[in-house]
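Report on the structure
These are the residues of each chain, in order.
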Amino acid sequence: MVIRDIQAGEISLPLARPFKTALRTVEHVNDIVVRVLADDGQMGYGEAPPTAVITGDTKGSILCAIREFIRPALVGMEIEDLDGVMTKLQGCMVKNTSAKAAVDMAIYDLYGKRFGAPLYQLLGGARRSFETDLTISVNPVDEMVADSLDAVARGFRILKIKAGKEGSKDVERIAAIRQAVGPDVLLRVDANQGWTAKEAVRIITAMEDRGLDIELVEQPVNAHDLAGMKYITGRVATPILADESVFSPLDALNIIQEGAADLINIKLMKTGGIWPALKLCAVAELHGVECMVGCMLESKLAVSAGAHLCCGRGIITRADLDGPSLCAVDPYSGGPVFDGATVTMTDAPGIGIGDVPCEHWS
């Protein structure tokens, strides 16, 4: 199976409600989609969200990377030479991780189709299904409480609460949500780099003292402040999850060796795709550090690739793959089954998504 062409286009999907974090507010998923065509007529699909505030990637940079660098490098290569293709993909330019991720997942989609197997089995087949959380955006407290109760009514037992915009007031919003949903719902807190190190220790300690029973706190400080994150990790009992601080396997190794966090969040848009993510998993496995698989504002296409990774590797013990649940519509056929909080793999080969509804491929 030879790569004949790589094409890109755009999709736009409305969100069910605005997505608000300490970094941004978004109302639509406006992503780049990728189609890799093989010489036998098969097609593999991928997706990349332009998340400039995290990855630095914009629509323009993603499209340029795919059309002017990745396509010329990969056309003519054989899908069966997976390591060779991925080495060329990762080496044809520095950074541009979102563009690489979209092409990477499309190639893995074709790889699964080539061998007639669902991708999660080719990645290790650790499990067939998992439970994801649902993100609760930053809003006035009463609105966040209402959104949390609605999520629980929809069957979500794990909520990721966005914080990081109002310092110590975050304790009150988390306390209100805990009181509303009761003790049996897992709460994760994501500060999205919104606190200082000392502020984070005060806030997390206050949540601990009030018995709010937080499962973890994600990225409390700036992505580059590893010393600050280590300061927090060493002073609180609540596990700290590194997210924006981890793009590569080397980033993960540095954080683990420094004791800067307890857990690692893997996102394909940060790693540059599944192939580098597997290397990150290997680092985590070596050191016994559990991982979460997360997503940006992605549609079911890219989130399905993350779901296959989640089911493939046992070191991945948590999932934040709620992208399809945040979208108001699902334009795709096939793929993993997203039934509320439960995500289940099918036997369809590759990632399993049917034709991607993009009108203009080029």
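Read on for an overview of the structure. Note that the structure is a prediction, hence the values are computed from the model and not measured. (Residues numbered from 1 in each chain as written. Predicted model: local features only at pLDDT ≥ 70, side-chain atom pairs only at ≥ 80, totals over all residues. Heavy atoms only, no water.)

1. Points about the side chain of Thr97
Tracing the backbone through its elements, the reader meets Thr97 in helix α3 (residues 97-115). A relative accessible area of 15% places Thr97 in the buried class. If we skip the residues at most four places from it in the chain, Thr97 touches Thr55, Asp57, Phe247, Leu268, Met269, Lys270, Thr271 and Gly272. (Helix = DSSP H or I, 4+ residues; strand = E, 2+ residues; numbered from the N terminus. Buried < 20%, exposed > 50% of the residue type's maximum accessible area, 1.4 Å probe, protein only. Contact = heavy atoms within 4.5 Å.)

2. What about the pattern of salt bridges?
Following the criterion strictly, the structure yields 24 salt bridges and no others. For the salt bridge of Asp190 with Lys160, the shortest nitrogen-to-oxygen distance reads 3.4 Å. With Asp190 in strand β7 (residues 186-190) and Lys160 in strand β6 (residues 158-162), this pair connects stretches of sequence that are 30 residues apart. The residues Asp190 and Lys160 share a single accessibility class, namely buried. With its nearest N and O atoms 2.7 Å apart, the salt bridge here joins Asp243 to Lys270. Taken together, the residues Asp243 in the loop between β9 (240-242) and α9 (249-258) and Lys270 in helix α10 (residues 268-271) connect sequence positions 27 residues apart. A single burial state applies to Asp243 and to Lys270, both of which are buried. Among the charged side chains, a salt-bridge network with shared partners connects Asp133, Arg188, Glu215, Glu290 and Arg318. (Salt bridge = Lys/Arg side-chain N within 4 Å of Asp/Glu carboxyl O.)

3. As for the nonpolar core
In this structure, Ile66, Leu74, Ile107 and Met207 are the most contacted members of the largest nonpolar core, which totals 127 residues. For this core, the element with the most residues is α3, which contributes 10 residues. Every residue in contact with Met207, bar those within four places of it in the chain, is listed here: Val171, Ile174, Val189, Leu212, Ile214 and Val217. (Core = buried A, V, L, I, M, F, W, Y, C linked by side-chain atoms within 4.5 Å.)

4. Thoughts on the sheet that holds strand β8 (residues 214-218)
As summarised here, the arrangement of the eight strands in space is β5-β6-β7-β8-β9-β10-β11-β12, forming an open sheet in which the pairing is parallel. Strands at the two margins of the open sheet, each flanked by one partner only, are β5 (134-136) and β12 (316-320). The sheet shows a mean angle of 30 degrees between the axes of neighbouring strands, direction not considered. With two bridges joining them, β9 and strand β10 (residues 263-266) adopt parallel strand pairing. (Pairing = 2+ DSSP bridges. Axes fitted to C-alpha atoms, helices over the stretch in contact; angles between N-to-C directions.)

5. With respect to the side chain of Arg188
Turning to its location among the elements, Arg188 is positioned in strand β7. Here the side chain of Arg188 touches Ala319 through a polar contact of 3.3 Å, landing on its backbone oxygen. Arg188 has contacts with Asp133, Ile158, Leu159, Lys160, Ile161, Glu215, Leu216, Met292, Arg318 and Ala319, leaving out every residue within four places of it along the chain. (Polar contact = N/O pair within 3.5 Å; in protein donor to acceptor, adjacent residues only side chain to side chain.)

6. Observations concerning α9
Buried residues of α9: Ala252, Ile255 and Ile256, and no others. One side of α9 holds all its buried residues, which, seen down the axis, span an arc of 95 degrees. Away from its buried face by more than 90 degrees, α9 exposes Leu250 and Gln257. On its buried face, α9 is in contact with α8 (226-233), β9, β10 and α11 (274-287). The first or second residue beyond α9 is Gly259, which carries a positive phi of 65 degrees. (Arc of directions from axis to C-beta.)

7. Some words on helix α5 (residues 141-153)
The end-to-end C-alpha separation of α5 is 18 Å, in line with the 18 Å expected for 13 residues at 1.5 Å each. Three or more residues of α5 are buried, namely Met144, Val145, Asp147, Ser148 and Ala151. The buried residues of α5 occupy an angular sector of 165 degrees when the element is viewed end-on, so they sit on one face. Turned more than 90 degrees from where α5 packs its buried face, Asp142 and Ala153 sit exposed. Buried residues belonging to α5 abut β1 (3-20), β5, β6 and α6 (169-181). (Expected span 1.5 Å × (residues − 1).)

8. Details of the packing of α5 against α6
Here α5 crosses α6 at 35 degrees, and the two axes come no closer than 9 Å. α6 is crossed by α5, and the crossing has right-handed handedness. Contact residues: Val141, Met144, Val145, Ser148, Leu149 and Val152 in α5; Arg173, Ala176, Ile177, Ala180 and Val181 in α6. Counted by class, the contact of α5 with α6 contains nine nonpolar, one polar and one charged residues. (Left-handed = near helix turned anticlockwise from the far one by under 90°. Nonpolar A, V, L, I, M, F, W, Y, C, P; charged D, E, K, R; others polar.)

9. Quick word on the sheet that holds strand β14 (residues 342-344)
The sheet built from three strands is open, its strands ordered β4-β14-β13 with antiparallel pairing. Single-partner strands in this sheet number two, and they are β4 (129-131) and β13 (337-339). If you compare each strand with its neighbour and ignore which way they point, the axes differ by 15 degrees on average. One ladder, built from three bridges, connects β4 with β14; its direction is antiparallel. Following the sheet pairing, Ser129 is matched in β14 by Thr344. Of the strands in this sheet, β4, β13 and β14 touch helix α12 (residues 300-312), which is tilted by about 105 degrees from β4.

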